[in-house]
Amino acid sequence: MKYIIALDQGTTSSRAVLFSENGEVVDIAQKEFSQIFPRPGWVEHDPEEIWNTQHGVLTEVMNRNHISPRDIVSIGITNQRETTVIWDRYTGQPVMNAIVWQDKRTVPICEEMKEEGLEKYVRENTGLVIDSYFSATKVAWILRNVAGAREKAEKGDLVMGTIDTWLIWKMTGGKVHATDYSNASRTMLYNIRTMEWDHHLLCRLDIPENMLPSVYPSSWHFGEFNMDGTSVPIGGVLGDQQAALFGQACFNPGDVKNTYGTGCFMLMNTGEELRESSSGLLTTIAWGIGRKVYYAFEGSVFIAGAAIQWLRDGLRILDATEDSEYFAGKVANNDVYVVPAFSGLGAPYWDMYARGAIFGLTRDTGKAHLIKATLQSMAYQSKDLLETMQKDSGLEIHTLKVDGGAAMNNYLMQFQADILGTLVERPAVTESTALGAAYMAGIQSGLWKQDDIPGKRKIDRIFKPVISSEERSRLYNGWKKAVSRTQGWLNEE
């Protein structure tokens, strides 16, 4: 038996998923790592802790299944995107913690760029909007604020990367400094029209180009990881949301998937055509295979599963996140709305100044109401995205493919179908993110062909809408009213 291992480096944990040559999950190892909050709105990770946990779960899953490195055909990497690390080219030491995609410290740099009229240029050439979410302003902030970083960068001593690049560097012993198209397209520094780093934006942000990694297709030989004397190829790299799109076999224009994780991310395959959104969606590179590049529309919900974690760890009204389904079922009707804008609002609002709020509280509101409303907020935000995608693409979506941890919550999936008025399709293997990275690595090694993948996909359950269109409209209008009250919270007089 031969195997593919996917390294799934997420926002709160590092995982290693072992796949058989038939594309089936054999085993999973997972370890959480520290979330660092130096100031309100700042979020950091320790890059060395990320590497240690990722290497640790890889070793764990191999040892537990008595697998030799010689049994591993290839390794695929998928990662939290936009999170940014800068490290010394020669010592490999990070100059500071990684700045996480959720971090808001670079809002002033974003405002500088907007004041200079760069929004149109950024939109047309990177497919993105100017927002602290992306990597570009994180790099600029580090070079401005870490003592000695600017001088070292100008001498060529520093390199940068998203988490995939950091892992590749560590796995290859510093021999390979690379990323793939999908991750590069999330930096706000990569021109998705010319398929190269954007010199105008690099110049504006004063970022030396020699800091940046080489960019390759998603299915590519990214170097080799020496495991006990055996060289195991790294054959696939994809940002986590693009990996989930690929893992769900969304290969045709109009195919849509939604991943319910720390955040909530909806992507629509738009094929080999680069489309622009008029409603705040991002245009992103889905993946590259061979000489072909595929694009996608993307909408991002910054806080999804993280809101359930907040109920558990912040408010302590849940012992375990899985209990949320039970409590949601204890409340028949719910006119409470939770808007979890802890890190601002993503598409289609793109409001960095929004903050979280709860509306509709009455004397009889209890914890079950708050839990149910928090679950519902994921579905409402996803409806915001799907309606926008249908409008901008001109395509009507009849089925939403779902994955991620919260996709196992039957209440949430049923409410998602109800509020959308469409079918919600949950696959038997919800590890779509890891599966996408594994497929890319398997294609590069010759183990699989892309045409084989749809036949491997099995459905666990299809959720059908059961509420009336009148009730759907009433609930959704309440949501939109609640969102409007949170917008611009931080910059209001």
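Residues numbered from 1 in each chain as written. Predicted model: local features only at pLDDT ≥ 70, side-chain atom pairs only at ≥ 80, totals over all residues. Heavy atoms only, no water.

Notes on the layout of surface pockets
We apply this condition: Each cavity reported here is a set of points on a 1 Å grid over the protein atoms alone in which a 1.4 Å probe fits but cannot get out, each pocket an open set with protein on both sides within 12 Å along at least five of seven lines, and each lining residue one with an atom within 4 Å of a point. Grid points are joined across faces, edges and corners, and a volume is the space filled by probe spheres set on the points. In this text, helices come from DSSP runs of H or I with a minimum length of four residues, and strands from runs of E with a minimum of two, each type numbered from the N-terminal end. Polarity classes work like this: nonpolar for Ala, Val, Leu, Ile, Met, Phe, Trp, Tyr, Cys and Pro, charged for Asp, Glu, Lys and Arg, and polar for all others, with Gly in that last group.
Approximately 1100 Å³ is the volume attributed to the largest pocket. Of all elements in the fold, only strand 2 (13-20), strand 3 (25-32), helix 9 (240-247), strand 15 (256-260), helix 10 (305-314), helix 11 (324-328), helix 12 (367-393) and helix 14 (432-445) reach the threshold of two or more residues within the lining of the largest pocket. Looking at the lining of the largest pocket residue by residue, the classes come out as 11 nonpolar, 21 polar and 11 charged. Its volume calculated, the second largest pocket comes out at about 630 Å³. Together, 24 residues line the second largest pocket, and F37, V43, Q102, I303 and A306 are the ones closest to its centre. The dominant element in the lining of the second largest pocket, judged by the number of residues it contributes, is helix 10, at 6 residues.

Let's talk about the side chain of K257
Condition: Buried, partly exposed and exposed residues are distinguished by accessible area as a fraction of the type maximum, computed with a 1.4 Å probe on protein chains only: under 20%, between the cut-offs, and over 50%, respectively. Neither His nor the chain ends is counted toward charge; the positive residues are Lys and Arg and the negative residues Asp and Glu. Within this document, salt bridges are pairs made up of a side-chain nitrogen of Lys or Arg and a carboxyl oxygen of Asp or Glu, the two lying within 4 Å of each other. Identification of polar contacts relies on pairs of N or O atoms within 3.5 Å, with a donor-acceptor requirement for protein atoms, meaning one able to donate a hydrogen and the other able to accept it, and with residues adjacent in sequence counted only if both atoms are side-chain atoms.
The residue K257 is located in strand 15 in this model. Buried and without a salt bridge, K257 has D403 as its closest oppositely charged side chain, separated by 5.0 Å. In this structure the side chain of K257 is engaged in a polar contact, spanning 2.7 Å, whose partner is the side chain of Q241. A polar contact of 2.6 Å, which involves the side chain of K257, links it to the side chain of T259.

Points about the sheet that holds strand 14 (residues 230-239)
Definition in use: Two strands pair under a simple rule: DSSP has to find at least two bridges between them. Each axis is a line fitted through C-alpha atoms, and for a helix only the stretch in contact is used; angles between axes span 0 to 180 degrees, taken between their N-to-C directions. In this analysis, two residues are considered to be in contact whenever any of their non-hydrogen atoms come within 4.5 Å of each other.
With mixed pairing, the 6 strands of this open sheet are ordered in space as 3-2-1-5-14-13. The sheet is open, and its two borders are formed by strand 3 and strand 13 (224-227), each paired with just one other strand. Adjacent strand axes in the sheet meet at a mean angle of 25 degrees, parallel and antiparallel pairs treated alike. Across the sheet, helix 9 touches strand 5 (72-79) and strand 14, and the angle it forms with strand 14 is around 95 degrees. On the sheet, helix 14 packs against strand 1 (3-9), strand 2, strand 5 and strand 14 and is oriented at approximately 135 degrees with respect to strand 5.

Regarding the sheet that holds strand 18 (residues 292-301)
In spatial order, the strands read 17-18-16-15-21-22-23; together these 7 strands make up an open sheet with mixed pairing. Both outer strands of the open sheet, strand 17 (282-289) and strand 23 (459-463), are each paired with one neighbouring strand and no more. With strand direction ignored, the average angle separating the axes of adjacent strands in the sheet is 30 degrees. Across the sheet, helix 12 is in contact with strand 15, strand 16 (264-271) and strand 18; its angle to strand 18 comes to roughly 135 degrees.

Some points on the pattern of salt bridges
In total, this model carries 28 salt bridges according to the counting rule given. Salt-bridge contacts for D27 lead to R64; the nearest nitrogen and oxygen are separated by 2.8 Å. Taken together, the positions of D27 in strand 3 and R64 in helix 1 (residues 47-64) put the pair 37 residues apart, joining distant regions of the chain. Exposure remark for D27: the relative accessible area of 16% places this residue in the buried category.

Some details on the packing of aromatic side chains
Let me state the cut-off plainly: Two rings belonging to Phe, Tyr or Trp (six-membered ring only in the last case) form a pair when the distance between their centres is within 6.5 Å. Interplanar angles under 30 degrees mark stacking, angles over 60 mark edge-to-face geometry, and anything in between is tilted. Note on criteria: charge over ring means Lys NZ or Arg CZ within 6 Å of the ring centre, with the direction from the centre no more than 35 degrees off the ring normal.
Scanning all chains against the criterion turns up 22 aromatic pairs. With a centroid separation of 6.2 Å and 90 degrees between ring planes, the pair formed by F251 and W287 is classed as edge-to-face. Placement of F251 in the loop between helix 9 and strand 15 and of W287 in strand 17 is noted, with a sequence separation of 36 residues between them. Exposure class is identical for F251 and W287. Each is buried. In this structure an aromatic cluster arises from ring pairing among W101, Y133, F134, F265 and F302. The positively charged end of R81 is found above the aromatic ring belonging to F265, 5.5 Å away from the centroid.

Quick notes on unusual backbone geometry
Although it is not a glycine, E82 adopts a positive phi angle of roughly 70 degrees. With respect to the helices and strands, E82 occurs in the loop between strand 5 and strand 6 (84-88).

A few points about the environment of Q450
With respect to the secondary-structure elements, Q450 resides in the loop between helix 14 and helix 15 (453-456). With a relative accessible area of 24%, Q450 lands in the partly exposed category. Sequence separation of Q450 and F246 is 204 residues, and the distance between their C-alpha atoms is 9.6 Å. With residues near it in sequence (within four places) discarded, Q450 still touches F246, F251, I289 and I443.

Section: the nonpolar core
This is how the line gets drawn: We call a set of buried Ala, Val, Leu, Ile, Met, Phe, Trp, Tyr and Cys residues a nonpolar core when their side-chain atoms join them within 4.5 Å.
Counting 106 residues, the largest nonpolar core has L189, M211 and Y260 as its most contacted members. Among all residues touching Y260, those that are not within four sequence positions of it are M378, S382, L400, V402, D403, G404, G405, A406, A407, L412, M413 and Q416. With 35 residues, the next largest nonpolar core counts V61, I75, W87 and V232 among its residues.

Overview of helix 3 (residues 119-126)
Of all the residues in helix 3, the buried ones are V122, R123, N125 and T126. Of the surrounding elements, those touching the buried residues of helix 3 are helix 2 (107-115), strand 10 (190-191), helix 8 (199-205) and strand 17.

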